[in-house]
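What follows is the residue order along each chain.
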Amino acid sequence: WLSTKINLTPRERKMLMMAGMGAGIGSIFKAPIGGAIFSSEVLYKKDMESEGLMASIISAIVGYSVYASFTGWEPIFSFKPVHFQRPAELPLYIILALIVMVAGIIYTKTFYGVKDLFEKIHIPNHFKPAIGGLVVGIIGFFFPAILGSSYGYLQAALDGHLALSFMLALAVLKIIATSFTINSGGSGGVFAPSLVIGGLIGGAFGYAMQAMFPALVTNPEGYVLVGMASFFAGSANVPIASTILITEMSESY
């Protein structure tokens, strides 16, 4: 919009769009560097748009500073310090990566399958959000945790307060609810649901491994963070941005 108003060139328009993306993501999720890199990485499958990266970083830091001045400087998630100390635990993280990979494929297949379904339904477009809302409403009636961002449940998973069955059920139903919400024309995004789905899958795996190997897995909450980062990295093709976003959102490296 701003580029149109002041008649910028196509190159300048692209850079300004990236700066806006970086500022928006960096501010709302309190992750300025991750937001800036996200705007450079998400535009391409196999590359990054490095030309506008500096503009995005400046914009994201300024946006975050102003936003946090009003809303507070606390990170999105509170996370106690953990330390990786046992190399023997690495195979478990590799297994988690494979599980998250399969879950990401299921997520994208479900998402675009629902999209194709709504495209085949020949009714006026303004009726389609009602169908999506009905499906999500039915799920939410029996399982209210899927409504909203579900960030509170993600924090509960980080704190170790959720049962394994609940985490798995919420992850699966979140995939369905997100697919029907967005593809029916409802308002929503894929970033927050991806964090919740990946984090809960990671949490279920981590706490299950702790129950099986208590001497090896001493910090199962770490699997929640890794699940968040790896699921979004795979499903959105943003491995670098996802890693930095999660470290900033939790203030934990």
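You'll find the structure just up there.
Residues numbered from 1 in each chain as written. Predicted model: local features only at pLDDT ≥ 70, side-chain atom pairs only at ≥ 80, totals over all residues. Heavy atoms only, no water.

Digging into the side chain of Ser242
Considering the arrangement of structural elements, one finds Ser242 in helix H11 (residues 239-250). For Ser242, a relative accessible area of 1% corresponds to the buried category. If we skip the residues at most four places from it in the chain, Ser242 touches Met228, Ala229, Phe232 and Ala233. (Helix = DSSP H or I, 4+ residues; strand = E, 2+ residues; numbered from the N terminus. Buried < 20%, exposed > 50% of the residue type's maximum accessible area, 1.4 Å probe, protein only. Contact = heavy atoms within 4.5 Å.)

Observations regarding unusual backbone geometry
Even without being a glycine, Asn7 presents a positive backbone phi close to 60°. Among the structural elements, Asn7 can be located in the loop between helix H1 (2-5) and helix H2 (10-28). In the Ramachandran plot, Asn237 falls in the positive-phi region, its phi being about 60° despite a non-glycine side chain. Position of Asn237 among the secondary structure elements: in the loop between helix H10 (221-236) and H11.

Observations concerning the packing of aromatic side chains
Applying the stated criterion across every chain, the model contains 15 aromatic pairs. Ring geometry for Phe141 against Phe142: centres 5.1 Å apart, planes inclined by 85°, an arrangement best described as edge-to-face. According to the relative accessible area criterion, Phe141 is exposed, its value standing at 65%. Chaining the aromatic ring pairs together yields one cluster made of Phe29, Phe38, Phe191 and Phe232. (Phe/Tyr/Trp six-rings, centres within 6.5 Å; stacked < 30°, edge-to-face > 60°.)

Brief notes about the side chain of Lys174
Among the secondary structure elements, Lys174 is positioned in helix H8 (residues 164-183). In this structure, Lys174 is buried with no salt-bridge partner, the nearest side chain bearing the opposite charge being Asp159 at 18 Å. If near-sequence neighbours (up to four positions away) are discounted, Lys174 is found in contact with Ile146, Gly148, Ser149, Ser150, Pro193 and Ile197. (Lys, Arg positive; Asp, Glu negative; His and termini not counted. Salt bridge = Lys/Arg side-chain N within 4 Å of Asp/Glu carboxyl O.)

Some remarks on the packing of helix H3 (residues 32-41) against helix H4 (residues 53-71)
With their axes 8 Å apart at the nearest point, H3 and H4 run at an angle of 145° to one another. Between H3 and H4 the crossing geometry is right-handed. Taking contact as the criterion, the partners of Pro32, Ile33, Ala36, Ile37, Ser39 and Ser40 in H3 are, on H4, Leu53, Ser56, Ile57, Ala60, Ile61 and Tyr64. Grouping the amino acids of the contact of H3 with H4 by side-chain chemistry returns 9 nonpolar, 3 polar and no charged. (Axes fitted to C-alpha atoms, helices over the stretch in contact; angles between N-to-C directions. Left-handed = near helix turned anticlockwise from the far one by under 90°. Nonpolar A, V, L, I, M, F, W, Y, C, P; charged D, E, K, R; others polar.)

That's the geometry; what it means functionally is another story.
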